[in-house]
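Residue strings, one per chain:
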Amino acid sequence: MKLRRGKLTLEEREACYGYLFLVPWALGFVFLFLGPLVTAIRMTFSKVAITNKGFSMDFVGLTNYINILTKESDFYKGLTNSVFTLLYQLPIITIFSFFIAVVINQKFRGRYFMRMVFFLPVIVASGAAIDVLKSSIAAQQLGGSSSGTIYNSIALTQIMIESGFPNEMVSFVSRTVNQSFDLIWKCGIQILLFLAGLQSIAPQYYEAADVEGATGWEKFWKITFPLISPITLTVLFYTVVDSFLDFSNYVMKLIYWAQGQNLQFERSTTMATIYFIVIFVICGILLAAASRWVFYHDEK
Amino acid sequence: MMKSNFFRPLRAKERDIRAVVRFKASSTGWKIFRLFLLLSLCYVVFFPIMFMLSNALRSGLDAVDPTIIWIPKHYTMQNFITVFALLDYPRSFVSTVTISIGSALLQIAVSAMTGYGFAKYKFRFRGVLFALVLFTVVIPQQILVMSLYLKFKFFDMAGFGYLYSLITGQMPNLLDNPLVFFVPSMFGVGLKGGLFIYIFRQFFRGLPNELMSAAKIDGCGHFGIFIKIMLPNAVPAIVSVFLFSVVWHWSEIFYSSVFLSTNQMLSPQLSSLRVQVFRAMTSNTASLMSLFTSESGSIESVIQAGVFLVILPVLLLYLVTQKFFVQGVERTGLVE
């Protein structure tokens, strides 16, 4: 210890440079993220008023939370609605985007074109443009269907009802088909994640399996599935967060209106906080359920 | 099936036969199915874009003509001209481009630097700090937006705002100024900044350390290595981040509608476009009335022309960069 006093070892000097690279981000994190976050959380417990030299906050305890949870039925309805929509969309989106990723990962002519096509929704679909377009197309189509879906599967629904399928199943299938546009347009990033994951699997595994005479089915379950499982977890998280934070989500619109109309600072922030806690809980449940079958390469 | 000799190595001839059989199976049924599947999905992806274009080109007569499905009988550019004026396109375009590209460049600079620090240096709390980076991605904007609004209205960062207020008598107000996007981008906490740091970290981790050592032996400093050696090698990651950042700023409506009170950017105007078009259609002002001629399509045609005008620049950017992007995304290995 004595020898090193005043001088840093090579490793410590390296570490200093490492910190140096992080300085701009650290400043931003403390002043433009952590600070506002603390203010936001304080805001949910207070009454905010703008003064001419800044703003003041009076502590009011849990009033904001109680008001929203007991008095705003809209918020409640929107919240449960988006949770249930998510529950049935999550498996569909995950399985579908994995399937598409497997298909466009194969070698065939025009696969670069197909990849370009599937990333297109990532470019176009984020934000207001697609929301406005969707409602505009829906308003224009026959009967001005207000359901906000671009496709309608009336014929399919009729066939299914007449052949005696149970009602729940018919409504599930027709709803899924009607939303096929939404679902496919929501899959862009997920396909991208899976594709990147599939390409990172070393071909040696498959070669070894081929030599041993494994079938495609076996290769999928014994090689692809375990190696892709961390990415599946990422995709699940991403889908949860994305579908909750989507602009077309009703709760998002409520929060947006609360801010846009009369700058109700504490009301909108409290709503967003409750909303975020729900997302957090769902992600936690997912993590707990998934950690059993996720396989990490470098795990000892 | 054949479980007993499952582990027996196949004889060369057997292997050949199996390979042929599998190849045949995949070559016929699967290929047709795949073609069908991909074509139908192409249709789903292209449908709204083609539909929008087809509608935007229709005149008023065609808008109510049920015999027209895709190709209008009377082409008109009137809808585009109308919405071009309503959106105040040239002005909004310039300010949107300024904000998008300016923030994208700042974000690239900072997140490349931060990502590089995380990827190539070992220091205490690296894991914790990186977890904080990811934390910034998960927190929704909606929680922060109100306190950020107050932050920007009475801006202060490490005492800078107070210094400013000593000189001018009041705190600097950044609202209604592109700075509300530039300042967070400059410090790596802009729109999805954490995600970009993550992408760069993944990319730099994939570059061999020998690149660094070689440059160090030749007497290059730490920042020299980063700028002269690492950045030129990171082009695919830079292009991907640039594209993502521009696109997300372009279609950003949440912060921009709160922080920029006048309709400076293109995307936020879309939300109120229907009201705007309707108001213009029914108004008595001569300048607004002249926007609608006998050629004008329905209100939906005008709206869809507007949507097309807004996403057109992004589409063009994607077409130009897609080659880098498609390859870059695959090589960045966006995920672990």
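Given the structure is predicted, the values throughout are model-derived calculations rather than measurements.

Draft legend 1. Quick peek at the overall build of chain B. In terms of regular secondary structure, chain B is built from 17 helices and zero strands. With an accessible surface of roughly 16,100 Å², chain B has 69% of that area assigned to carbon and sulfur atoms.

Draft legend 2. Just the overall build of chain A, in detail. Across its full length, chain A holds 13 helices and two strands. Across the 300 residues of chain A, 47% fall into the buried class. Across chain A, the fraction of contacts at a sequence separation of at least 24, relative to all contacts at a separation of at least 6, is 66%. When the accessible surface of chain A is summed, it comes to about 15,900 Å², and 65% of that surface belongs to carbon and sulfur atoms.

Draft legend 3. Spotlight on the interface of chain A and chain B. Between chain A and chain B, the contact holds 92 residues from the first and 97 residues from the second. Summed over both partners, the interface of chain A with chain B comes to about 8,700 Å²; 78% of that surface belongs to carbon and sulfur atoms. Its largest share of buried area at the contact with chain B, chain A owes to A:F21, A:W25 and A:L32, together 10% of the area lost on that side. When the shortest N-O distance is used, the salt bridge between B:K216 and A:E14 registers 3.4 Å. Taken together, the residues that form the side of chain A that touches chain B break down as 64 nonpolar, 22 polar and six charged.

Draft legend 4. Seen up close, the side chain of A:T269. You can see A:T269 is positioned in helix α13 (residues 265-290). Assessed through its relative accessible area of 0%, A:T269 is described here as buried. Once residues lying within four places of it in the same chain are set aside, the contact partners of A:T269 are A:A40, A:M43, A:T44, B:I143 and B:M146.

Draft legend 5. Representation of the nonpolar core. Formed by 172 residues in total, the largest nonpolar core has its most connected members in A:V240, B:Y116, B:F204, B:Y255 and B:F259. Sorting elements by how many residues they give to this core places helix α17 (residues 299-332) of chain B first, with 12 residues. Sequence-distant contacts of B:Y116, defined by excluding residues within four places in its chain, comprise A:F21, B:Y121, B:F204, B:M212, B:I225, B:F226 and B:M230.

Draft legend 6. Region of interest: the packing of helix α1 (residues 10-44) of chain A against helix α4 (residues 89-120) of chain B. In contact at an axis separation of 8 Å, α1(A) and α4(B) are set at 135° when each is read in the N-to-C sense. Here α1(A) lies oblique to α4(B), going by the angle between them. Classified by chirality, the crossing of α4(B) by α1(A) is left-handed. Each of A:L20, A:F21, A:L22, A:P24 and A:W25 in α1(A) lies in contact with α4(B), whose residues at this interface are B:V110, B:M113, B:T114, B:Y116, B:G117 and B:F118. A class-by-class count of the residues in the contact of α1(A) with α4(B) yields nine nonpolar, two polar and no charged.

Draft legend 7. Inspection of unusual backbone geometry at higher detail. Residues and elements named next belong to chain B. In this model, D176 sits at a positive phi of 65°, which is unusual for a non-glycine residue. Examined against the element boundaries, D176 turns out to sit in the loop between α7 (160-168) and α8 (179-186). Here D176 falls in the partly exposed class, since its relative accessible area comes to 34%. Unusually for a residue other than glycine, K192 sits at a positive phi of about 50°.

Draft legend 8. Region of interest: the packing of aromatic side chains. What the rule picks out here adds up to 39 aromatic pairs over all chains. Relative to A:F225, the ring of A:W221 lies with its centre 5.0 Å away and its plane at 55°, an arrangement referred to as tilted. Of this pair, A:W221 and A:F225 both sit in helix α11 (residues 216-245), four residues apart, roughly one helical turn. In this structure A:W221 comes out as partly exposed when scored by relative accessible area, which is 42%. For the ring pair B:F118 and B:F123, a centre distance of 6.3 Å and an interplane angle of 45° mean the geometry is tilted. Grouping aromatic residues by their ring pairs yields a cluster made of A:Y19, A:W25, A:F29, A:F33, B:F118, B:F123, B:F130, B:F135 and B:Y198. One cation-aromatic arrangement involves B:K192 over B:W248; the distance from NZ or CZ to the ring centre is 4.4 Å.

Draft legend 9. The arrangement of the confidence of the model for chain A in detail. Mean pLDDT over chain A works out to 79, with 88% of the residues at or above the 70 mark. Below pLDDT 50 for its whole length, residues 143-148 of chain A participates in six contacts with residues either more than four positions away or in separate chains.

Draft legend 10. Representation of empty space enclosed by the protein. Counted under the stated rule, the structure contains one cavity of 30 Å³ or more. By volume, the largest cavity amounts to about 60 Å³. Taken together, 10 residues form the lining of the largest cavity, with A:V124, B:W250, B:S251, B:I311 and B:V314 sitting closest to its centre. Breaking the lining of the largest cavity down by element, the ones donating at least two residues are α4 (111-124) of chain A together with α17 of chain B. Grouping the amino acids of the lining of the largest cavity by side-chain chemistry returns seven nonpolar, three polar and no charged.

Draft legend 11. Structural context of the pattern of salt bridges. A full pass over the atoms with the stated rule returns four salt bridges over all chains. With a shortest N-O distance of 3.0 Å, A:K219 and A:D210 are connected by a salt bridge. Here A:K219 falls in the buried class, since its relative accessible area comes to 14%. Linking B:E300 and B:R274 is a salt bridge whose minimum nitrogen-to-oxygen distance equals 3.1 Å. Here B:E300, found in helix α17, pairs with B:R274, found in helix α15 (residues 273-282); they are 26 residues apart in sequence, far enough to count as distant. By relative accessible area, which is 9% here, B:E300 ends up buried. Overall, B:R274 belongs to the partly exposed group, its relative accessible area being 33%.

Draft legend 12. Quick look at the environment of B:F204. Along the chain, B:F204 turns up in helix α9 (residues 193-206). Between the C-alpha atoms of B:F204 and B:G115, which are 89 residues apart in sequence, the distance is 7.4 Å.

Reading guide: rules and limits
Residues numbered from 1 in each chain as written. Chains lettered and ligands numbered in written order. Predicted model: local features only at pLDDT ≥ 70, side-chain atom pairs only at ≥ 80, totals over all residues. Heavy atoms only, no water. Helix = DSSP H or I, 4+ residues; strand = E, 2+ residues; numbered from the N terminus. Areas by Shrake-Rupley, 256 points an atom, 1.4 Å probe, with all protein chains shown as cover. Buried < 20%, exposed > 50% of the residue type's maximum accessible area, 1.4 Å probe, protein only. Contact = heavy atoms within 4.5 Å. Buried area = accessible area lost by both parts, 1.4 Å probe. Salt bridge = Lys/Arg side-chain N within 4 Å of Asp/Glu carboxyl O. Nonpolar A, V, L, I, M, F, W, Y, C, P; charged D, E, K, R; others polar. Core = buried A, V, L, I, M, F, W, Y, C linked by side-chain atoms within 4.5 Å. Axes fitted to C-alpha atoms, helices over the stretch in contact; angles between N-to-C directions. Parallel < 35°, antiparallel > 145°, perpendicular 65-115°, else oblique. Left-handed = near helix turned anticlockwise from the far one by under 90°. Phe/Tyr/Trp six-rings, centres within 6.5 Å; stacked < 30°, edge-to-face > 60°. Lys NZ or Arg CZ within 6 Å of the ring centre and 35° of its normal. pLDDT = per-residue confidence, 0-100. 1 Å grid on protein atoms, 1.4 Å probe; cavity = no way out; pocket = protein on both sides within 12 Å on 5 of 7 lines; lining within 4 Å. Points joined across faces, edges and corners; volume = space filled by probe spheres on them.

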